[in-house]
Amino acid sequence: MTATPTTLQALRNPRLLTTEVLAGAVTTLALIPEVISFSVIAGVDPKVSLIASVVLAVSMSILGGRPAMITAAAGAVALVVAPLVHEHGVEYLLPTVIVAGIIQILFGVTGLARIMRFIPRSVMIGFVNSLGILIFTAQLQHVLDVPTMVYPLFALTLVIVLVLPRLTKAVPAPLVAIVLVTGIAMVAHFTVPNVGDQGEIAGGLPGLTQLQVPLDLETLKLIGPTALSVAFVGLMETLLTAKLVDDITDTKSAKGRESWALGAANILAGFWGGIAGCAMIGQTVVNVKLGRARTRVSTFIAGVLLLVLVTVLSDLMAQIPMAALAAVMMVVALSTVDFHSIRLSTLKRMPLSETSVMVVTVAVVVVTHNLAIGVAAGALLAMVLFARRVSRVTTVQRIAEPDGVTYSVRGPLFFGSSNDLVEQFSYAEDPPTVSVDFSAAQIWDASTVAVLDSVQTKYADHDIEVRFTGLDEHSSQFHGRLTGTLN
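Here the structure is a predicted model, which is why all the values come from computation and not from measurement. (Residues numbered from 1 in each chain as written. Predicted model: local features only at pLDDT ≥ 70, side-chain atom pairs only at ≥ 80, totals over all residues. Heavy atoms only, no water.)

(A) How the structure looks around the packing of helix α11 (residues 281–290) against helix α14 (residues 322–336). With their axes 10 Å apart at the nearest point, α11 and α14 run at an angle of 80° to one another. As summarised for this structure, α11 and α14 are arranged roughly perpendicular, according to the angle between their axes. Note on element contacts: α14 touches α11 through Val328, Met329, Val332, Ser335 and Thr336, opposite Gly282, Gln283, Val285, Val286, Lys289 and Leu290. Residue classes in the contact of α11 with α14 are distributed as six nonpolar, four polar and one charged. (Axes fitted to C-alpha atoms, helices over the stretch in contact; angles between N-to-C directions. Helix = DSSP H or I, 4+ residues; strand = E, 2+ residues; numbered from the N terminus. Parallel < 35°, antiparallel > 145°, perpendicular 65-115°, else oblique. Contact = heavy atoms within 4.5 Å. Nonpolar A, V, L, I, M, F, W, Y, C, P; charged D, E, K, R; others polar.)

Structure below.
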């Protein structure tokens, strides 16, 4: 892995510290409109989501296992909790967040986060491409059917974001663009949609959220399905984002730590804010790619600056034109898409199964606007195609010998490949002694043991003795433990 600066090194090095602080600043500005819009989806006060985002960003900066990844009140979680809030009331949100946080902590401490290594590359590419599409399309509302003055501000932002990095990288181009465009809009008194139009953001700090419903069995039955969904959707998006940042930065993250830290941070955000969250993928890309952040300093600064903006500078923050933020996020969206994966030359070389998994992942995400559902659909299709492909590599060869018949079995034996195994033997034609050689095969599951028991039974019906030979140690122990107990 490439060496990356530590938090202590960033604090001691003025140049690194400046990079981290500026990256955190531009990430904060990219956070605000999305957090506010997600609060509307969830059915909670925008200030609740903003304060929860402060708690999430700061706590994950300290506890998390993936430096430079920003966590806040996210759209995926908002979509999950919205039906519960609208149907039963916002008072059930806190216990839901607490239970979801506990599940995430258990997921992390038990090591279940390691299952992320089973997510295929084609699903990851679909995840990245669909993320870019969602980010881009989400900005269209800010540039279509809007006042005419939006377009010059939008164009100016694009020019600064794309051209300034070629001249200097001392200051993040998105930050320069947002500050400059906001200043122009304020000085010229342009009437254009701004952050303040997205929802009320002024006001002081809220107190601790009070538990307004009893945490009893009836409440747990009511919130249980939603809490499970919040836990797993949050974990999936967070761990996938962590893997994406690992790839961008050529560094390694602690997935188990990230999982339990997310649970702890969500419990804290529930008590001081009221809503759960997870990794913010688009804003993380802003932080890591555009801001070039690599340490916890950037995300800590993002959380602190968000707190300052909400409590002290809310009037100024409300003046930021949405056109400027939309332009920045569109650039992020285009830089997120893996265009190499959709080139004609690449698609011609890739197996059809791999391309199908990527397309299904993208299609499901775009239709449902839910990254977690798309990734689950892609992973499920990949597993089915994998099982189908592996089942075809298992072969059985019949070898006639002077003292009997030997069947040579090659390949992995599991439910997908062994179900047809029982049909590969000539029970009525074979001599009294039959040997089945498994030297080039492995027994993977109980389905195979049950099939082999059926093979023995069929040969016994013809008064033929069959011997299984060549089993490796694991297969022999597995077969010996289960044979005769399944049928």
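More follows now that the structure is in view.
(B) Broad picture of the pattern of salt bridges. On inspection of all chains with the given rule, the structure shows three salt bridges. One salt bridge in this structure joins Arg66 and Asp246, with 2.6 Å as the shortest N-O distance. Here the residue Arg66 occupies a position in the loop between α3 (46–63) and β1 (71–72), and Asp246 occupies one in helix α9 (residues 217–249), the gap between them amounting to 180 residues. For Asp246, a relative accessible area of 9% puts it in the buried group. (Salt bridge = Lys/Arg side-chain N within 4 Å of Asp/Glu carboxyl O. Buried < 20%, exposed > 50% of the residue type's maximum accessible area, 1.4 Å probe, protein only.)

(C) Quick peek at the environment of Ile36. The residue Ile36 is located in helix α2 (residues 14–42) in this model. Each C-alpha atom of the pair Ile36 and Ile51 lies 11 Å from the other, and the pair is 15 residues apart in sequence.

(D) Structural detail: the sheet that holds strand β5 (residues 433–443). With mixed pairing, four strands are arranged side by side in an open sheet as β3-β4-β5-β6. Across the chains shown, the open sheet's two edge strands, defined by having one partner strand only, are β3 (395–401) and β6 (465–469). When strand polarity is set aside, the average angle formed by the axes of neighbouring strands in this sheet is 20°. Pairing of β3 with strand β4 (residues 404–413) involves seven bridges; the strand directions are antiparallel. Looking across to β4, one finds that Val396 is bridged to Val409. Along the sheet face, helix α20 (residues 473–482) touches β5 and β6 and points at about 115° away from the line of β5. (Pairing = 2+ DSSP bridges.)

(E) Expanded view of the environment of Val331. Looking at the secondary structure, you find Val331 in helix α14. Exposure remark for Val331: the relative accessible area of 12% places this residue in the buried category. For the pair Val331 and Gly75, spaced 256 residues apart in sequence, the C-alpha to C-alpha distance is 20 Å.

(F) Up close: unusual backbone geometry. The backbone of Arg292 shows a phi angle near 60°, a positive value even though the residue is not glycine. Along the polypeptide, Arg292 turns up in the loop between α11 and α12 (296–311).

(G) How the structure looks around empty space enclosed by the protein. Under the defined criterion, the tally for this structure stands at one cavity of 30 Å³ or more. Looking at the largest cavity, its volume works out to about 50 Å³. Together, Met60, Ser61, Gly64, Arg66, Pro67, Ala68, Met69, Glu258, Arg296 and Thr299 line the largest cavity. Among the elements of the structure, α3 and α12 are those that each provide at least two residues to the lining of the largest cavity. Residue composition of the lining of the largest cavity, by class: four nonpolar, three polar and three charged. (1 Å grid on protein atoms, 1.4 Å probe; cavity = no way out; pocket = protein on both sides within 12 Å on 5 of 7 lines; lining within 4 Å. Points joined across faces, edges and corners; volume = space filled by probe spheres on them.)

(H) The packing of helix α8 (residues 173–187) against α14, seen in detail. Contact pair α8 / α14: the axes reach a minimum separation of 9 Å and the direction vectors enclose 165°. Judged on the interaxial angle alone, α14 and α8 are roughly antiparallel. α14 is crossed by α8, and the crossing has right-handed handedness. Note on element contacts: α14 touches α8 through Ala324, Leu325 and Val328, opposite Pro174, Ile178 and Val181. For the contact of α8 with α14, a count of residues per class yields six nonpolar, no polar and no charged. (Left-handed = near helix turned anticlockwise from the far one by under 90°.)

(I) The arrangement of the layout of surface pockets in detail. Approximately 690 Å³ is the volume found for the largest pocket. Glu34, Phe38, Gly75, Leu134 and Ala138 are, among the 31 residues lining the largest pocket, the residues nearest its centre. Elements with a contribution of two residues or more to the lining of the largest pocket: α2, α4 (75–88), α6 (121–139), α11 and α14. Classifying every residue of the lining of the largest pocket gives 18 nonpolar, 11 polar and two charged. At the level of secondary structure, the elements contributing two or more residues to the lining of the second largest pocket comprise α9, α16 (352–368) and α17 (371–391). When residues in the lining of the second largest pocket are grouped by element, the largest group, eight residues, is from α17. Grouping the amino acids of the lining of the second largest pocket by side-chain chemistry returns 19 nonpolar, two polar and two charged.

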